[in-house]
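Given next are the chains, with one letter for each unit.
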Amino acid sequence: MDPTTYGKADTTVAALRVVPISGEDAGTTLATVCNYGCHPTSLGHPSSLISPDWPGSARDVVNETCGGTCIFLLGACGDTMPAQGHQGDPRVTERDGKKVGLATAATIIGMPTAGTQLTYSGPIVSGAVIGSWTPSPLPDILVSSLSALRTCTLTVRVPIRQLETSAAAKTRLEQAEERLVKVRSGDLVDDVSVRDATALVEQARRNLAKIVDFESSEPGRVKIWIWQLGDIFLVATSGEPYSAFQIELRQRVPSGVTVIVAAMTNGSMTPGYVLMHSPLVLGELTILVDILPTGTSCLQNTLGVGAIKTG
């Protein structure tokens, strides 16, 4: 999709396939998880369409190619948007979504048959001696370890900037709305003025919602949910973490471990944008999670402060 950001964009597409390996539906793809971090803002103010933006196009490609139901999870993208964003042409969002959808489909198609692994079956004498690999069933003990579900929930305190009161935020929203009405009713209405006035209304509306959310809860706390299924980790958080959050997370896990990050989850945008390498950075945290039957601790990341171990 060629995302843009002030820092380093994470172009990783994570894909999971949900397939029963026994029973009536054995071998049938029930769902495909598509995970990518980029604001769904290919379409913008020039368009009056109600649209799922590029995730909708990605979902359609995955559904058609992989079967089952596509479950899209938005990754950490607080500072990331499409390179060609806020357009009025729906072909742009279709194109962006197809890039992510086809990357997901290619990953899924390249996976071994569910419940199997490739096993070396011996040499083949050709122009050179080459190795031969054939699918074989996964050992029961490995299937059992990969099927174990573990969960934990963290609440991490982070520093926040000084916020205005909800009364002040409400006044700012009302002023922005009044200005938008004036711009639209002026003698010389131009697209840029309407676009900017509309954006200021949206900013003020989001700001008020965030402040009301803060005032009704304990401010400065980020909630994080972690699910472990075998060597797959799903890390979900409220708010909008920057790309550096998932880049750092994926760099710190061992090879073979898949990390999926889901932002703005469980109906909450609190605490808003979560910055990295700034005064709002989440401090150093080591989370120790068992992913091997032997209990080897091997998932480390920078979510906050302290340490936790699932069990």
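For clarity, every value in this text was computed on a predicted model and none was experimentally measured.

A. Focus on the overall build of the chain. Broken down by element type, the chain carries six helices and 15 strands. The proportion of buried residues among the 311 residues of the chain is 39%. Summed over all atoms, the accessible surface of the chain reaches about 17000 Å², with 56% contributed by carbon and sulfur.

B. Expanded view of the pattern of salt bridges. Scanning all chains against the criterion turns up eight salt bridges. For aspartate 96, the salt bridge is made with arginine 95, and the minimal N-O distance between the two is 3.2 Å. Classification of arginine 95 by relative accessible area gives partly exposed; the value is 35%. Two residues, aspartate 196 and arginine 195, come together in a salt bridge whose shortest N-O distance is 3.0 Å. Within the structure, one salt-bridge network assembled from shared partners comprises Glu202, Arg205 and Arg206.

C. Layout of helix H2 (residues 90–109). In a regular helix each residue adds 1.5 Å, so 20 residues correspond to 28 Å; H2 covers 28 Å between its end C-alpha atoms and thus fits that length. Of the residues making up H2, those classed as buried are Val92, Thr93, Asp96, Gly97, Val100, Gly101, Thr104, Ala105 and Ile108. Buried residues along H2 sit in contact with strand E2 (14–18), strand E3 (31–36), helix H1 (54–66) and strand E5 (80–82).

D. Quick look at the pairing of strand E10 (residues 232–237). Bridge analysis of strand E9 (residues 221–229) against E10 gives six bridges, and the strand direction is antiparallel. Bridge pairing in E10 places isoleucine 226 opposite valine 235. Counted along the chain from E9 to the antiparallel partner E10, the turn is two residues long, and its residue glycine 230 has a positive phi close to 65°. Relative to strand E12 (residues 258–262), E10 runs parallel, the two sharing five bridges. Each residue of the ladder has a partner; that of alanine 236, found in E12, is alanine 262.

E. Examining the side chain of histidine 39 more closely. Relative to the assigned elements, histidine 39 resides in the loop between E3 and H1. Looking at histidine 39, its side chain comes within polar contact range of the side chain of glutamate 240, at 3.2 Å. Those residues within four positions of histidine 39 in sequence are excluded, and the remaining contacts are Trp54, Cys77, Gly78, Thr80, Met81, Pro82, Glu240 and Tyr273.

F. Here's a closer look at the state of the cysteines. Evaluation of the coordinates by the stated rule reveals zero disulfides. Cysteine 38 takes part in no disulfide bond, and the closest cysteine sulfur to it belongs to cysteine 77, at a distance of 6.8 Å. A residue is classified by how much of its surface remains accessible, and cysteine 38, at 0% relative accessible area, is buried.

The rules behind these values
- Residues numbered from 1 in each chain as written.
- Predicted model: local features only at pLDDT ≥ 70, side-chain atom pairs only at ≥ 80, totals over all residues.
- Heavy atoms only, no water.
- Helix = DSSP H or I, 4+ residues; strand = E, 2+ residues; numbered from the N terminus.
- Buried < 20%, exposed > 50% of the residue type's maximum accessible area, 1.4 Å probe, protein only.
- Areas by Shrake-Rupley, 256 points an atom, 1.4 Å probe, with all protein chains shown as cover.
- Salt bridge = Lys/Arg side-chain N within 4 Å of Asp/Glu carboxyl O.
- Expected span 1.5 Å × (residues − 1).
- Contact = heavy atoms within 4.5 Å.
- Pairing = 2+ DSSP bridges.
- Polar contact = N/O pair within 3.5 Å; in protein donor to acceptor, adjacent residues only side chain to side chain.
- Disulfide = S-S within 2.5 Å.

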